[in-house]
Amino acid sequence: MDLSFNAEERAFQDEVRGFIAKNLTEEMKRATALTPSVFSDPDIGKAWQRALHRQGWGAPGWPVEYGGPDWTPAQRWIFETECARAGVPNVNVMGVKMVGPVIIGFGSPEQKNFYLPRILSGDDYWCQGYSEPGSGSDLSSLKTRAVRDGDDYIINGTKIWTTHAHHANRMFALVRTSDGPRQQDGISFILIDMNTPGITTRPILTIGGDHEVNQVFFDDVRVPVANRVGEEGKGWTYGKYLLEFERGSGIASAKLREGLKAIADLAESDLTGRAIDSPDIATRISEVEVDIDALEMTELRVLSALQTGQNPGAVSSILKLRNSEIRQAVTRLGADVIGHDALAVEPMRPLYRLNHEPPIPEEMLTVIPEYLNGRAYTIFGGTSEIQRDIIAKMMLGI
Amino acid sequence: MDLNLSDEQRLLRESAERFVAESYDAAHRRTMASDPLGFSLAVWRQFAELGWLALPLPEEFGGLGGGAIDVGILMEAFGRGLVSEPYVATVVLGAALIARCGTTAQKQASLPKVGDGSLKLTLAHSERTARFDLAKVATSANKTSQGWHLAGKKIAVLDGHAADEIIVSALMHDHHGPSERIGLFVVPAAAPGLTISDYARLGGGRACNIELSDVQLPADALLGDGSDALPAIEWAVDRAMAALGAEAIGIMQTLLDTTLEYTKIRKQFGRPLSANQVIRHRLADMAMQVDEARSMALRAALKADAEPVERARAASGAKAKIGKCARFVGEQSIQLHGGMGVTEELEVGAYFKRLVAFDTLFGGSSYHYARHAQLGRTKVPA
C-alpha cells in the first residue's frame, strides 16, 4: 500500500498542470471564485468545456470510443484534484456526467452520433427534468405525461428545481407514458429541445440571492418518439442509473479542501481581525479538515478498488452524504469567520461583474450566499434522509 | 497509488481474524478480567510462534520488517476479540523505541527476545501534572560516576505489571542541574526502588502507576547516545495511536454487527426494531462513522513514516476523529440494545468500555483537534 504516484502518474500531473496554466484565464478564475451557486454561468463554463474538448479531455468518464480519454482511476483523481486546486469553472455536468452516460448506455446509434459530440464540444447545454412540485424524494410518483400521437409524444406537465433551464437548449426528462401496476412502471426517458413551442420557464430565486433553478412548464409540447432513450416504460431504470452517476461520480475532497483553505485564509487575515486566534475557530477548522481527510481516504479506497476491477458497493451514498454535510460545515464555518461582515447583502449578480463598490471586501462576498444556497446540498440528488435509507438497505440489509 | 492489501497482508488478516475468532470468546474474556496477569502467557507464546511479535521489528534483529499497515491489520483483528495481551506496550511502544534509539548492542540484547516472546516491555512516560503533553517530564535522571539515579512518578503505564523491562522517560540532569533533554532508561522490573501498583484497566488488560525512588542504573541503561528522546517518544506515540485506532475499528465493527443483528431479532410493537426508520437511520450513521474511522486509521498508518509534522497531524487527526466516532458508535450500540445494553450480561458493554479507554489514552478528541490545529494547516505541495 502506498499513497504516492508512479512516474507516469507524476508526468500526467505535470501535463494537467501545464494544460491548466495555459488555458485557465484570470477572468475564468475570478468568476469561478465569485460564483456562490453550485454551477458556473455558461459563458464561463462553456469556455472551459471547449478548452477541455480541444485537449481530448471533454468527458473524463466516457469510454474511449465515444471520445473519453481512457484514463485510469488514478489519472481521474489527479485531474479532478488539479482542477480543484486551480479553481477551474464548473462545466455543464448535466451533459457530460448525467445524460451522456445514459445515452452511451441505452441510446440508439443515431442518438449517440448526434448528441455525444455536441456534449463534448459544449455546443449543447443540458438541464435535468426530474423533480416535480408533487414528486421530490418520491420521484417515481411523477405526473408529467407524454401521450403518443403518431410519431410524436405530446407532453403536458411541469418540472421543478431545473438547474440552468434558462440557459439550456436541451433537457432530459422522466415522463409518464403509461400507468403500470407500480408507480415506477410506465416512465420513459426523453430528450427535449428547449426551443420547442409550449415550453415556458419561470425563475426561482434561492435564499442566497441567486437565479440557478427554475420551474419549467409543458403545454402540449410535441417531441418526436425518436427522442426517447431506450424502451418505452423503462425510464426509471435509466434514471436510477444516472442518479448513481450523479452521486458516485464525485471526487469531492479536493474541492472541499480548497473551500476550507479559502475560509482558513480569511481567518488568518486582518480582514477578519484574525479570527483564527480564537481557539474555537482554529479547532473547528481542524475538525472540518480532518473530516475532509477521512472523505479523501474513502475516495482513494474506492479508487483503489476500481483500479483492480472490484465493485466498491453502496459507498457512493456515503460519499454523497458526507460531501454534502462537510460542504455545509465549511460554509457554516465561513459565516462565523467573517463576523459582522455576515450582515451585508449584495443583491447584484454576477458578483464578478458588479458596477459598484460592494459593501464588504470581495474575498467575503460569496461567504453568506454560499452558506445559504448550500443548505440545498443535503437536499438535491437525493436528500440525506434518502441516502440513509439507501445505506441501511444496501449496506446493512435492513 | 494503491490501497489494496498485498497477498501477504491478506493472509495476515485471515490468520489473525481466524485466531481471534477461535481463541477469544466471552468466557475467555471474563476469565482474563479477573486474572491477576490479565492475559494468557500461552497465547503470548502463540503470538511469537505466529511471527506477530517480530512483525514490525527490523530484520537485522530477527524481525520481519513489517510496517504500520501490517500492525494495523493485526490490531483490527485484536479489536474484534478485545485481545488483552500486551502487544502495544511491548511491540508498538517498547520495542519500537529500542529499535529507534538504542545502540546496536542494546538492540541486539532486546529485540530478538521480544520477537521470540521471552521479553515483555512497556513505556512509562505519562505523569499526572503533564496531562497529555508529551514534552512535560518531571521525573529526573541524575548522572553519577557509576551511571544514573532515577526519581519520580509515572501513571497509566500500560501492562507495566507484566513487563520484564520498563522504559522510563526522565529529564537528564548533570552537575549543572536539569538539561533540556529527555532520556529513555531501561529499568529492570526487579530494580530496587521501583514500586509498581497495578490495576485492572477500563475495557480489559491492566495498567499501573510507578514510583521510582532513587533507582540506580548502570550507564548503559540509557538508550542511545543521550540526545533528546522527545522526537522519538512523539514518533512512537503517534504510531501507537495509529495502531490503537486500527484496534478501535475492529471493536466498532463488532459493535455495529452485533447491534444490527439485535435490531433484526428484537421485536416491539409486533415488529423488529429495524423496521423503524429512526433505527435504520441510526444504524446508517453508525456504519458511516465506522467507515470514516476506518479511513482515518488507514491514513495514520500510511503516514506513520512521513516527516514529523505531517505524521503528527495525521495521527492526531485520526485519534480525534476515531475517538469521536468510537463514542458515537459505542453509545448508540448501548442505546439500541435498550436496558440489556447497560448490563454486564451482554458483551456490548465490554466493547464500549474498550472504546472509552481508547478515546482517553494519550489524549481525547478535543486534545487532539487542538494539537492538530496547533501543528498548523497542511501545506499544499507545489
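It should be emphasised that the depicted structure is a prediction, and the values quoted were computed from it without experimental measurement.

### A word on the overall build of chain A
Thought 1: On a plain count of helices and strands, chain A comes out with twelve helices and eight strands.
Thought 2: Taking 398 residues into account, the globule formula puts the C-alpha radius of gyration at 21 Å, and chain A, at 22 Å, falls close to it.
Thought 3: Projected onto the principal axes, the alpha-carbon positions of chain A cover approximately 70 × 50 × 50 Å.
Thought 4: When the 398 residues of chain A are sorted by exposure, 44% land in the buried category.

### Things to note about the overall build of chain B
Thought 1: From N to C terminus, chain B includes eleven helices and nine strands.
Thought 2: Each of the three principal axes of chain B carries a C-alpha extent, and together these read 80 × 55 × 40 Å.
Thought 3: Sequence-distant contacts in chain B: of pairs separated by 6 or more residues, those separated by 24 or more amount to 74%.

### Notes on the interface of chain B and chain A
Thought 1: Each partner contributes residues to the interface: chain B has 30 residues there, and chain A has 32 residues.
Thought 2: For the side of chain B that touches chain A, the elements supplying multiple residues, two or more each, are helix 7 (230-265), helix 8 (277-302), helix 9 (308-336) and helix 11 (365-374) of chain B.
Thought 3: The dominant element in the side of chain B that touches chain A, judged by the number of residues it contributes, is helix 8 of chain B, at 13 residues.

### A closer look at the environment of Cys325(B)
All names here are of chain B.
Thought 1: Within the fold, Cys325 resides in helix 9.
Thought 2: Cys325 gets classed as buried once you count the C-beta atoms within 10 Å, which come to 28.
Thought 3: Remark: the alpha-carbon pair of Cys325 and Ala141, spanning 184 residues in sequence, is separated by 40 Å.
Thought 4: Residue contacts for Cys325: discarding those within four places in its chain leaves Met252, Gln289, Val290, Glu292 and Ala293.

### Quick look at the nonpolar core
All names here are of chain B.
Thought 1: Core analysis: the largest hydrophobic core is formed by 216 residues, its most contacted members being Phe185, Ala242, Met252 and Ala297.
Thought 2: For this core, the leading source of residues is helix 7, giving 17 residues.
Thought 3: When sequence neighbours within four positions are dropped, the list of residues in contact with Ala297 reads Gly72, Ala242, Gly245, Ala246, Ile249, Ala318 and Ile322.

### Some words on the packing of helix 9 of chain B against helix 10 (residues 348-360) of chain B
Residues and elements named next belong to chain B.
Thought 1: Axis separation between helix 9 and helix 10 bottoms out at 9 Å; the angle between their running directions is 160°. Relative to helix 10, helix 9 is oriented roughly antiparallel. The hand of the helix 9/helix 10 crossing is left-handed. Between helix 9, through Gly323, Ala326, Arg327, Gly330, Ser333 and Ile334, and helix 10, the contact on the second element is made entirely by Val348, Phe352, Leu355, Val356, Phe358 and Asp359.
Thought 2: The residue makeup of the contact of helix 9 with helix 10, split by class, is seven nonpolar, three polar and two charged.

### A closer look at helix 11 of chain B
Thought 1: Among all positions in helix 11 of chain B, only Ser365(B), His368(B), Tyr369(B), Arg371(B), His372(B) and Ala373(B) are buried.
Thought 2: Along its buried surface, helix 11 of chain B packs onto helix 9 (279-307) of chain A together with helix 9 and helix 10 of chain B.
Thought 3: In the segment just after helix 11 of chain B, Gly376(B) is the residue with positive phi, at about 90°.

### Side note on helix 1 (residues 7-23) of chain B
Residue and element names in this part refer to chain B.
Thought 1: For helix 1, with 17 residues, the first-to-last C-alpha span of 24 Å sits near the 24 Å given by 1.5 Å per residue.
Thought 2: All buried positions along helix 1 are accounted for by Leu12, Ala16, Phe19 and Val20. Down the axis, helix 1 shows its buried residues gathered within 95° of arc, on one side only. Exposed residues pointing more than 90 degrees away from the buried face of helix 1 are listed as Asp7, Arg10, Leu11, Glu14, Arg18, Ala21 and Glu22.
Thought 3: Contact partners of the buried residues in helix 1: helix 4 (68-80).

### Remarks on unusual backbone geometry
Glycine aside, negative phi is the norm for most residues, and most peptide bonds take the trans geometry.
Residue and element names in this part refer to chain A.
Thought 1: Cis geometry is adopted by the peptide bond preceding Pro350, which originates at Arg349 and carries an omega value of -5°.
Thought 2: Of note, Pro350 is situated in the loop between helix 10 (315-337) and helix 11 (367-373).
Thought 3: A positive phi angle is found at Trp161, which is not glycine, with a value near 60°.
Thought 4: With respect to the secondary-structure elements, Trp161 resides in the loop between strand 3 (152-160) and strand 4 (170-176).
Thought 5: A positive phi angle is found at His164, which is not glycine, with a value near 60°.
Thought 6: Relative to the helices and strands, His164 resides in the loop between strand 3 and strand 4.

### Structural notes on the pairing of strand 6 (residues 194-200) of chain B
Residues and elements named next belong to chain B.
Thought 1: In this structure, strand 6 lies alongside strand 7 (residues 206-218), joined through seven bridges in antiparallel fashion. What sits directly across from Ile196, in strand 7, is Ile210.
Thought 2: Remark: five residues form the turn of the hairpin made by strand 6 and strand 7, two consecutive strands paired antiparallel; Gly203 in that turn has positive phi of roughly 85°.

### Remarks on the packing of helix 4 of chain B against helix 7 of chain B
Residues and elements named next belong to chain B.
Thought 1: Relative orientation of the contacting elements helix 4 and helix 7 amounts to 35°, with a least axis distance of 7 Å. The element helix 4 and its partner helix 7 pack so that their crossing is right-handed. Along the contact surface, helix 4 presents Ala68, Val71, Gly72, Met75, Glu76, Ala77, Phe78, Gly79 and Arg80, while helix 7 presents Arg239, Ala242, Ala243, Ala246, Glu247, Ala248, Ile249, Gly250, Ile251, Gln253 and Thr254.
Thought 2: In the contact of helix 4 with helix 7, the residues fall into eleven nonpolar, five polar and four charged.

### Section: the pairing of strand 2 (residues 145-149) of chain A
Residue and element names in this part refer to chain A.
Thought 1: Here strand 2 pairs with strand 3 via five bridges, running antiparallel. What sits directly across from Asp149, in strand 3, is Asp152.
Thought 2: The turn joining strand 2 and strand 3, which pair antiparallel and follow one another in sequence, is formed by two residues; a positive phi near 65° is taken by Gly150.

### Some remarks on the confidence of the model for chain B
Residues and elements named next belong to chain B.
Thought 1: Put simply, chain B has an average pLDDT of 96, and 98% of its residues get 70 or more.
Thought 2: In the predicted structure, residues 378-382 sits below a pLDDT of 50 and forms two contacts with residues beyond four places in sequence or in another chain.
Thought 3: Overall fold confidence for the complex sits at a pTM of 0.96, while the interface term, ipTM, reaches 0.95.

### Some points on the environment of Asp41(A)
Residues and elements named next belong to chain A.
Thought 1: Tracing the backbone shows Asp41 in the loop between helix 2 (26-33) and helix 3 (42-55).
Thought 2: Under the C-beta neighbour-count criterion, Asp41 is labelled buried, with 20 such atoms within 10 Å.
Thought 3: On a C-alpha basis, the gap between Asp41 and Val225 in space is 32 Å, while along the polypeptide they are 184 residues apart.

Cut-offs used in this document
By convention here, each chain's residues receive numbers from 1 onward along its written sequence. Naming scheme: in the order in which they are written, chains are lettered from A and ligands are numbered from 1. In keeping with the model being predicted, local features are shown solely for residues with a pLDDT of at least 70 and side-chain atom pairs are shown and tallied solely at 80 or more, while totals for entire chains, interfaces and linings include all residues. A run of H or I in DSSP becomes a helix once it reaches four residues, and a run of E becomes a strand once it reaches two; helices and strands are each numbered from the N terminus. Every radius of gyration here is taken over C-alpha atoms, with the globule rule written as 2.2 Å times N^0.38, N being the number of residues. To assign burial, the other C-beta atoms lying within 10 Å of each residue's own C-beta are counted, with C-beta atoms placed from the backbone; 20 or more indicates buried, 12 or fewer indicates exposed, and intermediate counts indicate partly exposed. Any residue pair is listed as a contact if its two C-beta atoms, each placed from the backbone, are within 7 Å. Buried Ala, Val, Leu, Ile, Met, Phe, Trp, Tyr and Cys residues whose C-beta atoms connect them within 7 Å together make up a nonpolar core. Lines fitted to C-alpha atoms define the axes, with helix axes restricted to the stretch in contact, and inter-axis angles between N-to-C directions lie between 0 and 180 degrees. Orientation is classified from the angle alone, with under 35 degrees giving roughly parallel, over 145 giving roughly antiparallel, 65 to 115 giving roughly perpendicular, and any other angle giving oblique. Two helices that cross are described as forming a left-handed crossing if the nearer one is turned anticlockwise from the farther one by less than a right angle, and a right-handed crossing if clockwise. Polar here means any residue other than Ala, Val, Leu, Ile, Met, Phe, Trp, Tyr, Cys and Pro, which are nonpolar, and Asp, Glu, Lys and Arg, which are charged; Gly is therefore polar. The span one expects for a helix is its residue count, reduced by one, times 1.5 Å. By arc we mean the arc of the directions from the helix axis to the C-beta atoms, nothing more. If DSSP finds at least two bridges between two strands, the strands pair. Think of pLDDT as the predictor's per-residue confidence, scored from 0 to 100.

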